[in-house]
Amino acid sequence: MSISLSSLILLPIWINMAQIQQGGPDEKEKTTALKDLLSRIDLDELMKKDEPPLDFPDTLEGFEYAFNEKGQLRHIKTGEPFVFNYREDLHRWNQKRYEALGEIITKYVYELLEKDCNLKKISIPVDATESEPKSFIFMSEDALTNPQKLMVLIHGSGVVRAGQWARRLIINEDLDSGTQIPFIKRAVAEGYGVIVLNPNENYIEVEKPKIHVQSSSDSSDEPAEKRERKDKVSKETKKRRDFYEKYRNPQREKEMMQLYIRENGSPEEHAIYVWDHFIAQAAAENVFFVAHSYGGLAFVELVCLKQTRFRLPAPLPLSSIFHQCSFTVEEVRGGL
């Protein structure tokens with residue numbers, strides 16, 4: 001069991017306070033002195049000894065990493081692969097660092113989709129106002145006009161976004177293993193139109209507004225003395241709660257709220273929306289789906305709702321749908 005330095009410092013003080021409070025009125029002076037001492041402890045400085053600030057670079061170069069010619073993520077100076085446990089015994093900080101790097105990699109893959117794969121970023125909903133939350137997909141120039149064949153790629157659940165199969169593979173293996181780029185390049189080379197879905201981009205996060213609750217005691221019929229006493233207790237309780245919260249988590253992150261994207265609030269909704277507004281309008285005679293993990297379930301939901309468009313017999317058992325899904329994926333992998 002590991003005990004932090006700040007815990008060792010504050011524990012004896014709390015024990016002494018508990019002992020003093022049991023000693024009766026004569027110990028009030030000591031209690032007041034200890035409270036004053038605690039109020040003057042700079043908890044932010046104290047906790048920095050346990051956890052560095054959650055302030056990370058916003059570029060790969062800032063992390064001192066880059067992708068080499070093989071698409072492998074390597075340290076610029078040492079050439080070593082990414083190290084998760086950058087700081088020993090600081091799992092939360094290491095995890096936050098990993099997530100920050102993951103966000104940069106997501107943007108990096110978006111750039112590759114546009115620059116290396118020549119895909120266009122299309123905003124959705126198509127009729128979104130300037131102020132409402134939006135998502136996007138990627139399409140090739142001929143996605144809707146190619147008369148022969150169209151390929152649609154759907155990734156799984158989690159933190160992955162458009163163009164990715166698995167963030168862990170991108171970071172620990174290479175871009176070919178963890179992204180959809182090899183599929184896209186081969187499809188384009190063999191004459192397919194391409195649409196890349198983004199089913200996990202379901203909402204945007206904004207800072208939660210602070211709500212100031214006005215005390216109802218102002219309009220109460222309670223005696224003034226009783227109201228003052230209640231207000232004093234309430235203030236003391238809040239002060240203690242804030243004190244302990246600051247000690248527990250001095251780097252408290254902003255409270256965020258989620259604003260869901262219209263008609264794209266889930267992977268299933270997203271797949272249906274893209275079908276209705278893009279795939280169903282495409283000129284292609286044949287449409288091929290490549291779906292991974294939860295993306296397969298989103299595809300099954302789509303098939304169940306749009307069976308007539310898939311030229312499948314109705315009703316169709318789910319086992320048959322899964323069989324046809326896997327057959328299509330293997331067909332695409334084996335020879336487009």
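Structure: above.
All values derive from a computational prediction rather than experimental measurement.

1. Some remarks on the environment of Asn146
Logical step 1: Its place among the elements puts Asn146 in the loop between strand S4 (135-139) and strand S5 (149-154).
Logical step 2: Under the relative-accessibility criterion, Asn146 is labelled buried at 7%.
Logical step 3: Put simply, Asn146 and Gly193 are 47 residues apart on the chain and 6.0 Å apart in space, counted from C-alpha to C-alpha.
Logical step 4: The residues touching Asn146, leaving out its near neighbours within four places in the chain, are Gly191, Tyr192, Gly193, Ala283 and Ala284.
Logical step 5: Among the polar contacts listed, one links the side chain of Asn146 to the backbone oxygen of Gly191, at a separation of 2.8 Å.

2. What to know about the nonpolar core
Nonpolar side chains in soluble globular proteins generally cluster together in the buried interior.
Logical step 1: Counting 37 residues, the largest nonpolar core has Leu73 and Ile105 as its most contacted members.
Logical step 2: No other element matches the 10 residues that helix H5 (residues 91-115) contributes to this core.
Logical step 3: With residues up to four places along the chain from it excluded, the contact list for Ile105 reads Leu60, Phe67, Leu73, Ile170 and Ile171.
Logical step 4: Within the second largest apolar cluster, 24 residues are counted, among which are Met139, Ala143, Phe278 and Phe289.

3. Some points on the sheet that holds strand S9 (residues 286-291)
Logical step 1: Strands sit in the order S3-S4-S6-S5-S9 across an open sheet of five strands; the sheet is mixed. Looking at which strands have only one partner, the edges of the open sheet turn out to be strand S3 (120-124) and S9. Geometrically, the sheet is characterised by an average inter-axis angle of 25° between neighbouring strands, direction not taken into account.
Logical step 2: On top of the sheet, helix H11 (residues 294-305) reaches S5 and S9; it is set at about 145° to S9, its chief contact.

4. Notes on the packing of aromatic side chains
Logical step 1: Considering all chains together, one arrives at 13 aromatic pairs under this definition.
Logical step 2: Pairing Tyr65 with Phe82 gives two aromatic rings, centres 5.6 Å apart and planes at 55°, and the pair type is tilted. Here Phe82 lies in the loop between strand S2 (73-75) and H5 and Tyr65 lies in strand S1 (residues 65-67), a separation of 17 residues in the sequence. Residue Tyr65 shares its accessibility class with Phe82, and that shared class is buried.
Logical step 3: Taking 4.6 Å as the distance between ring centres and 40° as the angle between the ring planes, the aromatic pair formed by Phe289 and Phe299 counts as tilted. Of the two residues, Phe289 is situated in strand S9 and Phe299 in helix H11; the sequence distance between them amounts to 10 residues.
Logical step 4: Ring-pair connections join several aromatic residues into one group, and the members of that group are Tyr65, Phe82, Phe84 and Tyr98.

Here is what the cut-offs are and how they apply
- Residues numbered from 1 in each chain as written.
- Predicted model: local features only at pLDDT ≥ 70, side-chain atom pairs only at ≥ 80, totals over all residues.
- Heavy atoms only, no water.
- Helix = DSSP H or I, 4+ residues; strand = E, 2+ residues; numbered from the N terminus.
- Buried < 20%, exposed > 50% of the residue type's maximum accessible area, 1.4 Å probe, protein only.
- Contact = heavy atoms within 4.5 Å.
- Polar contact = N/O pair within 3.5 Å; in protein donor to acceptor, adjacent residues only side chain to side chain.
- Core = buried A, V, L, I, M, F, W, Y, C linked by side-chain atoms within 4.5 Å.
- Pairing = 2+ DSSP bridges.
- Axes fitted to C-alpha atoms, helices over the stretch in contact; angles between N-to-C directions.
- Phe/Tyr/Trp six-rings, centres within 6.5 Å; stacked < 30°, edge-to-face > 60°.

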